[in-house]
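# Architecture and fold: a report
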Amino acid sequence: MKKLLLCLLIVSNGALQAMEAERSAVSGEQSVIKDNITILCADNKKLLRPATSENIKKLELIKQHSIMYKSMLEDLGATEEQGNLTLLVPSLSRKEARLLWDIALFLDKPIEYNELFGSLSELPIKKISRLLNAADYLDIPVLREPIIAFLLKKITNNDWIKSWVEQQVGNSALNEINVPMQLLLARIIAQNEPTVINSTIAIQNEVPIISLALSSDQKHIATCNENIIFLWDANSGEFVESIKAPSNLTSIVFDSNNQIVGGCDNDNAYVWNGLTRNLIKTFTGHTDTVKAVACSPDGLLVATGSFDGTVRLWDLKNDSSKIIFSDNTKLIQAVVFSHDGTLIAFGGSDKKVSVLSVATNNLIANFVGHTDVIKCVAFSPNGKLIASGGVDKSICIWDIEQQKLARKLTGHEEQINALVFTHDNNKIISASSDATARIWHAVTGQLLNVLKEHTASITSLALAHNDSFLLTGSRDTTAIKWILNLNKNLNLQQQLLMVYLINNAPVALENKKMIALFTEFEPEIKEILFKKYGVVLKHNTD
């Protein structure tokens, strides 16, 4: 049997001497606290962990639960020479060693089901699946059983899964599927969960970011604070130029021609040329702060919302304007065009989301559901939904055709400042004063991701045309670029396998036909092979 050499590198460090007693209590050994723990794996790759007292506890737990560790020590013992504690344990790859380290997190104290469920709920399904693999590998029932129970509860109570089932194969008794198939189903769904690949600081401003926008050609980022617009290179994050506005800015956007439109607290709105940065238009007519600005998709119209209770529509070609809404009891805080340019939605202090026809100025809908001021509104690309958020910390999703509240999303701890739909219509991204951005499933309301890198209120969002990255602007003076992977779709093999699982099909089938309602053909399933950690599905589409 191959062996794994586990080396605990011991380097004296006076600053860590104070933790020696705690380390001794955990391990029963009288040694100095070390700087690093180095696990040399079977593939000769290293897994490094800082030698904090907490990590030394985890190391002891790893030793306790390693296969054959106790009997191995009886035969080989442990040696300590020249500051190195050397142990021989069974062969593990680097991935297996990492899994083993992860699992020690949950073995650090007596396992209470409720506590463990709470800890697991903070992890993505992919990592929970890794922990389950490690529990299987190490044969630790005390951890494996609650993980299985958690996964089963998660998938049977998951609205996204239920919605998928109903849309694709009709109603089915999901909870009647046997446990191995349910676990496999959970892992398949985990592969389809939206993910954030990484995050980097896109720009480092010197002042808080009040508003942020991404140019239509995605080459520039604009941010503003007080009466200054800062332009940045979207790729390098380097500062390009600053533009001085006549007054303090409240919001900025790019139109489809890469012109910059901004609203100000002097009751006016302005347009700057995207190339020369020169001021080319001034919109006058409001009698109070212009809080919100929006541009039509064709770049011909600008809508402005003001604290004077009016929404104005400005024609850039003819230099004309008109009031399309007026109610001096409603301080307009947000305004947006639909993606086809036919509708305008806006909200404010009256807690309503109003929808107008651009062509007729007729009121299409008034949505009531918020309990405080509305700060932001967004249309889905297909024009079927509107999302709104505000001071009440909730996000309302409105069905335009049926003119009703489709669902309400809660979870943010402070007010919602910005919203955007992804281009597949299925997800909503929100930004809040609680310093987080969140990704939600628009159909089920399931929270998919929480983005936590900012240290102060996130004021604005900008999403790339292909949803490949997201920009968040914050009062902490930074804009962060999040590389996203939101468009993962179940491939045909995964879809067919899910149909099998949902219908509790036999483990192996021979030339069995099954109708997949979501495809344009009837695939003929040739064979299903269940492996320990995966599945092979053979089929043809002739």
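This structure is a prediction, so every number in the text was calculated from the model and none was measured. (Residues numbered from 1 in each chain as written. Predicted model: local features only at pLDDT ≥ 70, side-chain atom pairs only at ≥ 80, totals over all residues. Heavy atoms only, no water.)

### Focus on the overall build of the chain
For the chain, the count of helices and strands is ten helices and 36 strands. Here the chain holds 542 residues, and 52% of them are scored as buried. Here the chain has roughly 24700 Å² of accessible surface; of this, 47% comes from carbon and sulfur atoms. (Helix = DSSP H or I, 4+ residues; strand = E, 2+ residues; numbered from the N terminus. Buried < 20%, exposed > 50% of the residue type's maximum accessible area, 1.4 Å probe, protein only. Areas by Shrake-Rupley, 256 points an atom, 1.4 Å probe, with all protein chains shown as cover.)

### Here we look at the side chain of Lys427
On the secondary structure map, Lys427 appears in strand 28 (residues 427-432). Classification of Lys427 as buried rests on a relative accessible area of 8%. Side-chain polar atoms of Lys427 contact the side chain of Asp424, separated by 2.9 Å. (Polar contact = N/O pair within 3.5 Å; in protein donor to acceptor, adjacent residues only side chain to side chain.)

### Things to note about the confidence of the model for the chain
Across the chain, pLDDT averages 74, with 63% of residues at or above 70. Taking the mean pLDDT of every element in the chain, the minimum, 30, falls on strand 1 (residues 3-9) and the maximum, 98, on strand 27 (residues 416-421). Here residues 1-33 is modelled with pLDDT under 50, and outside its nearest four sequence neighbours on either side it reaches 85 contacts, counting other chains as well. In the predicted structure, residues 67-90 sits below a pLDDT of 50 and forms 50 contacts with residues beyond four places in sequence or in another chain. (pLDDT = per-residue confidence, 0-100. Contact = heavy atoms within 4.5 Å.)

### Considering the sheet that holds strand 24 (residues 385-390)
Read from one edge of the open sheet, four strands run 23-24-25-26, paired in antiparallel fashion. Each end of this open sheet is capped by a strand with a single partner; those strands are strand 23 (374-379) and strand 26 (404-409). Strand after strand, the sheet turns through a mean of 20° between neighbouring axes, direction not considered. Pairing analysis gives five bridges linking strand 25 (residues 395-399) to strand 26, with the strands arranged antiparallel. Of the residues in strand 26, the one forming a bridge with Ile395 is Leu409. (Pairing = 2+ DSSP bridges. Axes fitted to C-alpha atoms, helices over the stretch in contact; angles between N-to-C directions.)

### A few points about the pairing of strand 17 (residues 310-315)
Side-chain direction in a regular strand flips from residue to residue, so the side chains alternate between the two faces of the sheet. Across the six residues of strand 17, five count as buried, placing the element largely inside the fold. Two elements, strand 16 (residues 301-306) and strand 17, share five bridges in a ladder whose sense is antiparallel. Each residue of the ladder has a partner; that of Leu301, found in strand 17, is Asp315. Linkage of strand 16 to strand 17, two consecutive antiparallel strands, is achieved through a turn of three residues, within which Gly309 is found at a positive phi near 85°. Summarising the sheet, strand 17 and strand 18 (residues 320-326) pair through six bridges and their orientation is antiparallel. Residue pairing in the sheet places Leu313 in a bridge with Lys322 of strand 18.

### A word on the pattern of salt bridges
Applying the stated rule across the entire model yields four salt bridges. Ionic pairing is found between Lys427 and Asp424, a salt bridge with its closest N-O pair at 2.9 Å. (Salt bridge = Lys/Arg side-chain N within 4 Å of Asp/Glu carboxyl O.)

### Things to note about unusual backbone geometry
One non-glycine residue, Asp267, lies in positive phi territory at about 80°. By the secondary structure assignment, Asp267 is in the loop between strand 12 (260-264) and strand 13 (269-272).

### What about the side chain of Asp399?
Within the fold, Asp399 resides in strand 25. Reaching out from Asp399, the side chain makes a polar contact with the backbone nitrogen of Gln402 at a distance of 2.8 Å. Non-local contacts of Asp399, meaning those with residues more than four positions away in its chain, are made with Phe367, Lys384, Leu385, Lys404 and Ala406.

### Topic: the sheet that holds strand 27
Note: strands within a sheet are paired through backbone hydrogen bonds, in either parallel or antiparallel orientation. Overall, antiparallel pairing links the four strands, which are arranged 27-28-29-30 in an open sheet. Pairing within the sheet leaves two strands with one partner each, and these edge strands are strand 27 and strand 30 (447-451). With direction set aside, neighbouring strand axes in the sheet form an average angle of 20°. Sheet analysis places strand 29 (residues 437-441) next to strand 30, joined by four bridges and oriented antiparallel. Bridge pairing in strand 30 links Trp440 to Leu447.

### Some words on the state of the cysteines
For the structure shown, the criterion picks out zero disulfides. Take Cys264: it sits in no disulfide, and the sulfur closest to it among the cysteines is that of Cys224, at 8.6 Å. The exposure class of Cys264 is buried, given its relative accessible area of 0%. (Disulfide = S-S within 2.5 Å.)

### Considerations on the pairing of strand 33 (residues 478-485)
Within strand 33, six of the eight residues are buried, leaving the element largely enclosed by the surrounding structure. Sheet topology note: the strand 32 (residues 469-474)/strand 33 ladder contains five bridges and is antiparallel. From the neighbouring strand, Leu471 faces strand 33, where its bridge partner is Lys481. Two successive antiparallel strands, strand 32 and strand 33, enclose a turn made up of three residues, where Thr477 displays a positive phi of approximately 85°.

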